[in-house]
Structure formats: structure tokens, C-alpha cells
Amino acid sequence: IKNKSSEYLMGGLDYEVARKLSVSGRLGAEWRRREAERDTTAPYAEFSAKYDYAEKSFLLGGFGYSIDETSDTARFNDSKAYKAFASIQHAVTALIAASASLTYEPATLQGRRGQINVDEKTVRAGAALTFLPTKNWLLSASVDYDRARSDDAARNLRRTRGGLSAVYSF
């Protein structure tokens, strides 16, 4: 049902305000032409700031807006979403880092012709512990929690996921 074509344009700036503080901004748009539904222009904006408070330790936060395609294409074309996010990474030792993140995303799913719009609020939280035993290996344990509250009860979601990963880079 997604018979469409798109063109994208995006640009951004990164600015180092001080030795430990930087800000970033991204602006863009996607022009979607659809065969079976209304065409749309989907703007994108994201602004963030990062503060490096110690070696390998930082705070990051920002805000964003986008119009994204949904996974439920039978009922919805797009989702207008605002996003506020924050994360922290702290070097526990030279080889171990702890990190946490929190995202709040209120959105409106835009109904296809004949369907109503649906408002949703999603909260995502996560934490990880990462071990770097050598310059090539990265071992990580993580836990993520997602909760979506929707005007459509069938779309409500609450889940917790855990993960273990090992990455080798060369």
C-alpha cells in the first residue's frame, strides 16, 4: 500500500560553543508522492546540545519534530511526532562506561481517507553497561523499557527488553 516516491533534502550545523559544550541542528524535508493517497511534504528538525563533563563522560539533550511514515499503513499515512530526549554516559573506569537515556514522544497518527487521527504518547527509557577489554572488542549489557499510550487501545504497548552484545571492530 506504500506505492510512493520520495525526494529528500537535509542540512545541518555543528558548533563548538566551548571546549566542553557543543550544539547541533538539523533541518530537512521529504517530499512524498503517493499513488493511492494524498501527497505530503514532511519537514524534519532536530536541535541538541552535548556537554562533556569528564573524559568519556557526557550529557546530551535535545528536541525534534518530524512527520514519519507509520507501520500501520492500512489505517494511517503518517505520524506527526515531537521528541524530547536526554542521555548520559559516564566512564565508571577507563574500560567500563554506564549509560542511560530517556525519550518522550507525543505524536498524532494521521488517518488515511475515512479514518480518524489517533493521538499517542510514547516514553522510552534505557540503560547499558559497556566494557571495552581491548581496542577491538566492545561488550555490552542493556535493558530498554517502552510504553505507548494511544487513543486506540489496540495500539497501547508496554515492553521491557534486555540485551547482550559483543562487537569486534578491525
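Residues numbered from 1 in each chain as written. Predicted model: local features only at pLDDT ≥ 70, side-chain atom pairs only at ≥ 80, totals over all residues. Heavy atoms only, no water.

## Describing the overall build of the chain
Okay, step 1: In terms of helices and strands, the chain carries zero helices and nine strands.
Okay, step 2: Along the chain direction, N to C, the helices and strands of the chain fall in the order β-β-β-β-β-β-β-β-β.
Okay, step 3: Referenced to the eigenvectors of the C-alpha coordinate spread, the extents of the chain come out at roughly 55 × 35 × 30 Å.
Okay, step 4: Residue burial in the chain is summarised as follows: out of 170 residues, 26% are buried.
Okay, step 5: In the chain, the share of contacts with a sequence separation of at least 24, taken over all contacts with a separation of at least 6, comes to 43%.
Okay, step 6: Accessible area for the chain stands at about 11,100 Å²; split by element, carbon and sulfur atoms hold 58% of it.
Okay, step 7: Separation between the mean location of the 25 positive side-chain charges and that of the 21 negative ones in the chain comes to 3 Å. (Helix = DSSP H or I, 4+ residues; strand = E, 2+ residues; numbered from the N terminus. Buried < 20%, exposed > 50% of the residue type's maximum accessible area, 1.4 Å probe, protein only. Contact = heavy atoms within 4.5 Å. Areas by Shrake-Rupley, 256 points an atom, 1.4 Å probe, with all protein chains shown as cover. Lys, Arg positive; Asp, Glu negative; His and termini not counted. Charge placed at Lys NZ, Arg CZ, Asp CG, Glu CD.)

## Here we look at the sheet that holds strand β7 (residues 118-131)
Okay, step 1: Strand order in the open sheet made by the nine strands is β1-β2-β3-β4-β5-β6-β7-β8-β9, with antiparallel pairing throughout. Two strands close off the open sheet at either side, each with one partner strand: β1 (4-18) and β9 (157-168). Taken over all neighbouring pairs, the strand axes of this sheet differ in orientation by 10° on average, direction set aside.
Okay, step 2: With twelve bridges joining them, strand β2 (residues 21-34) and strand β3 (residues 40-54) adopt antiparallel strand pairing. Residue pairing across strands places W31 opposite T41, the latter belonging to β3. (Pairing = 2+ DSSP bridges. Axes fitted to C-alpha atoms, helices over the stretch in contact; angles between N-to-C directions.)

## Observations regarding the pattern of salt bridges
Any two side chains of opposite charge can pair, so long as their charged atoms come close to each other.
Okay, step 1: Throughout the structure, instances matching the rule amount to twelve salt bridges.
Okay, step 2: When the shortest N-O distance is used, the salt bridge between E7 and R33 registers 2.5 Å. Residue E7 is found in strand β1, and its partner R33 is found in strand β2; the two are separated by 26 residues along the sequence.
Okay, step 3: A salt bridge links D152 to R75; its shortest N-O distance comes to 2.7 Å. Of this pair, D152 sits in the loop between β8 (137-150) and β9 while R75 sits in the loop between β4 (57-69) and β5 (76-91), placing them 77 residues apart in sequence.
Okay, step 4: Through salt bridges with shared partners, a single network forms among E30, R32, R34 and D78. (Salt bridge = Lys/Arg side-chain N within 4 Å of Asp/Glu carboxyl O.)

## Some words on unusual backbone geometry
Okay, step 1: If you check the backbone angles, K56 has positive phi at about 60° while not being a glycine.
Okay, step 2: Tracing the backbone shows K56 in the loop between β3 and β4.

## Digging into the environment of D78
Okay, step 1: Within the secondary structure layout, D78 lies in strand β5.
Okay, step 2: Judged by its relative accessible area of 2%, D78 is buried.
Okay, step 3: In this structure the C-alpha to C-alpha distance between D78 and T40, which are 38 residues apart in sequence, comes to 9.2 Å.
Okay, step 4: Those residues in contact with D78 that sit more than four places away from it in its chain are R32, R34, T40, I67, D68, E69, T70, T108, L109 and Q110.
Okay, step 5: In terms of polar contacts, D78 uses its side chain to reach the side chain of R32, at 2.7 Å. (Polar contact = N/O pair within 3.5 Å; in protein donor to acceptor, adjacent residues only side chain to side chain.)

## Quick notes on the pairing of β9
The side chains of a regular strand alternate, first on one face of the sheet and then on the other.
Okay, step 1: As paired elements, β8 and β9 share twelve bridges and run antiparallel to each other. Following the sheet pairing, S142 is matched in β9 by G163.

## Looking at the packing of aromatic side chains
The description of an aromatic ring pair rests on the distance of the ring centres and on the angle between the ring planes.
Okay, step 1: A complete count under the given rule lists three aromatic pairs for this structure.
Okay, step 2: Taken together, the aromatic side chains of W137, Y168 and F170 make up a single cluster linked through ring pairs.
Okay, step 3: Between the NZ or CZ atom of K50 and the centre of the ring of F58, over which it lies, the distance is 4.7 Å. (Phe/Tyr/Trp six-rings, centres within 6.5 Å; stacked < 30°, edge-to-face > 60°. Lys NZ or Arg CZ within 6 Å of the ring centre and 35° of its normal.)

## Quick notes on the environment of V92
Okay, step 1: Within the secondary structure, V92 is located in the loop between β5 and β6 (96-111).
Okay, step 2: Not counting chain neighbours up to four residues away, the residues in contact with V92 comprise A97 and A98.

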